[in-house]
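The residues making up each chain are set out below.
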Amino acid sequence: MRKKIAAGNWKMNTTPAEGVKLVSEILGKVSEVEGDVELIVCPPYTHLATILDKVKGSRIMVGAQNCAWELSGAFTGEISITTLKEMGVTHVIIGHSERREFFHESDEMMLKKVRLTLSHGLIPIFCIGEKLAEREKGIQFEVVVKQMEKVVYQLSEDDLKKVIIAYEPVWAIGTGKTATPEQAQDMHGFIRNSISKQYSSAVANTIPILYGGSVKGANAKEIFSMPDVDGGLIGGASLSVSEYIEIAKSF
Ligand SMILES: O=C(CO)COP(=O)(O)O
């Protein structure tokens, strides 16, 4: 049985005070989420300390939205993996399409970040996904496998087993346009098969593959019912307590 995961990527939303309010309200409703669904919130860096304090002893885990690709040094404005680890962060989103696009992150940088995250005992949530033009050309599978090859397929089997993959088609992010459950399943099945060919089916069967892109309370159940979809990486809807809880209850 693979893990079921509802991870909220808050992106650059909420002030520190708003973030604490949001997580407090989520905590108040967490008992409604039955079973062993893993709940992860990824607020902006500035809120991590207070939010980690708030969720202490609860089932909510806290992730960062990024980390630096080097361990320390002259990298103005960056946040190191050792800082995140010391604070108690458990997950790090790496390679989000917004970081690829707006911050020109290279595959080499992403690989360094994934390696640093793993070597410090944190879990990378590695994002992949094609752009609209790539889907229209019918090359979405090649695009996604290349993204995997350049980064996570560089890892040993033992390391790969600790990674969470998030398939986020860029055309579905923040657009209200969701992949159909069949489109999500097609890609998730393809990714799992590709991992199986590259490593083994035993490895492929243990890795959680999340779907991201306009997941909301109203569509989560259908998407999560697909055999190779193990949960969601949720943007906009994770900022609403009722939406996030409804999504977490959709397994
Ligand atoms: O990018 C996403 C999560 O990382 C998805 O964002 P939305 O859920 O707002 O489409």
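Residues numbered from 1 in each chain as written. Predicted model: local features only at pLDDT ≥ 70, side-chain atom pairs only at ≥ 80, totals over all residues.

In the nomenclature of an unreviewed UniProt entry, the chain is known as Triosephosphate isomerase of Williamwhitmania taraxaci. Listed in UniProt under the heading Catalytic activity (unreviewed entry), the comment for the chain reads: "D-glyceraldehyde 3-phosphate = dihydroxyacetone phosphate". Within the UniProt record for the chain, the comment given under Subcellular location (unreviewed entry) is "Cytoplasm". (UniProt positions renumbered as here; feature names shortened; annotations may be inferred.)

For the rest of this paragraph, the subject is helix H1 (residues 16–29). The α-helix winds at 3.6 residues per turn, so residues separated by three or four positions along the chain end up facing the same way. With 14 residues, H1 extends 20 Å from end C-alpha to end C-alpha; this agrees with the ideal 20 Å at 1.5 Å per step. Packing partners of the buried residues in H1 comprise strand S2 (38–42), helix H2 (48–55), strand S3 (60–64) and helix H12 (241–248). (Helix = DSSP H or I, 4+ residues; strand = E, 2+ residues; numbered from the N terminus. Expected span 1.5 Å × (residues − 1). Contact = placed C-beta atoms within 7 Å.)

Here we take up the pairing of S3. Bridging between S2 and S3 involves three bridges; their strand directions are parallel. Bridge pairing links Val41 to Val62 in S3. In this region the chain leaves S2, passes through H2 and returns to the parallel neighbour S3; the handedness of that crossover is right-handed. With two bridges joining them, S3 and strand S4 (residues 91–94) adopt parallel strand pairing. Among the inter-strand pairings, Gly63 is bridged to a residue of S4, identified as His91. Between the parallel pair S3 and S4, the chain is carried across by helix H3 (residues 81–87), and the sense of this crossover is right-handed. (Pairing = 2+ DSSP bridges. Right-handed = clockwise from strand over helix to strand, strands pointing away.)

This brings us to the nonpolar core. Within soluble globular proteins, side chains that are nonpolar tend to cluster in buried spots. Counting residues in each nonpolar core, the largest one holds 70 residues, and the members touching the most others are Ala7, Ile125, Phe126, Ile165 and Ala166. Considering each element in turn, this core owes the most residues, five residues, to helix H5 (residues 107–119). Residue contacts for Phe126: discarding those within four places in its chain leaves Ile94, Gly95, Val114, Val151, Val152, Val163, Ile165 and Ala166. (Core = buried A, V, L, I, M, F, W, Y, C linked by C-beta atoms within 7 Å. Buried ≥ 20, exposed ≤ 12 C-beta atoms within 10 Å, placed from the backbone.)

Turning next to the packing of H1 against H2. Orientation of H1 relative to H2, taken along the N-to-C sense of each, is 20°, at an axis distance of 10 Å. Classified by the angle between their axes, H1 and H2 sit roughly parallel to one another. Seen from above, H1 lies across H2 with right-handed handedness. The residues of H2 that touch H1, namely those facing Pro16, Gly19, Val20, Val23, Ser24 and Leu27, are Thr50, Ile51, Lys54 and Val55. (Axes fitted to C-alpha atoms, helices over the stretch in contact; angles between N-to-C directions. Parallel < 35°, antiparallel > 145°, perpendicular 65-115°, else oblique. Left-handed = near helix turned anticlockwise from the far one by under 90°.)

Another point: the packing of helix H7 (residues 140–150) against helix H9 (residues 181–198). For the pair H7 and H9, the least separation of the axes is 11 Å and the interaxial angle reads 45°. Comparing the axis directions of H7 and H9 gives the class oblique. You can see that H7 and H9 cross each other, and the crossing is right-handed. Where H7 approaches H9, its residues Gln140, Phe141, Val144, Val145 and Met148 are matched on the opposing element by Met187, Phe190, Ile191 and Ser194. Grouping the amino acids of the contact of H7 with H9 by side-chain chemistry returns seven nonpolar, two polar and no charged. (Nonpolar A, V, L, I, M, F, W, Y, C, P; charged D, E, K, R; others polar.)

Right, let's talk about H5 for a bit. Its 13 residues place the ends of H5 18 Å apart at the C-alpha level, agreeing with the 18 Å of an ideal helix rising 1.5 Å per residue. Within the sequence span of H5, burial applies to Met110, Leu111, Lys113, Val114, Leu116, Thr117 and Leu118.

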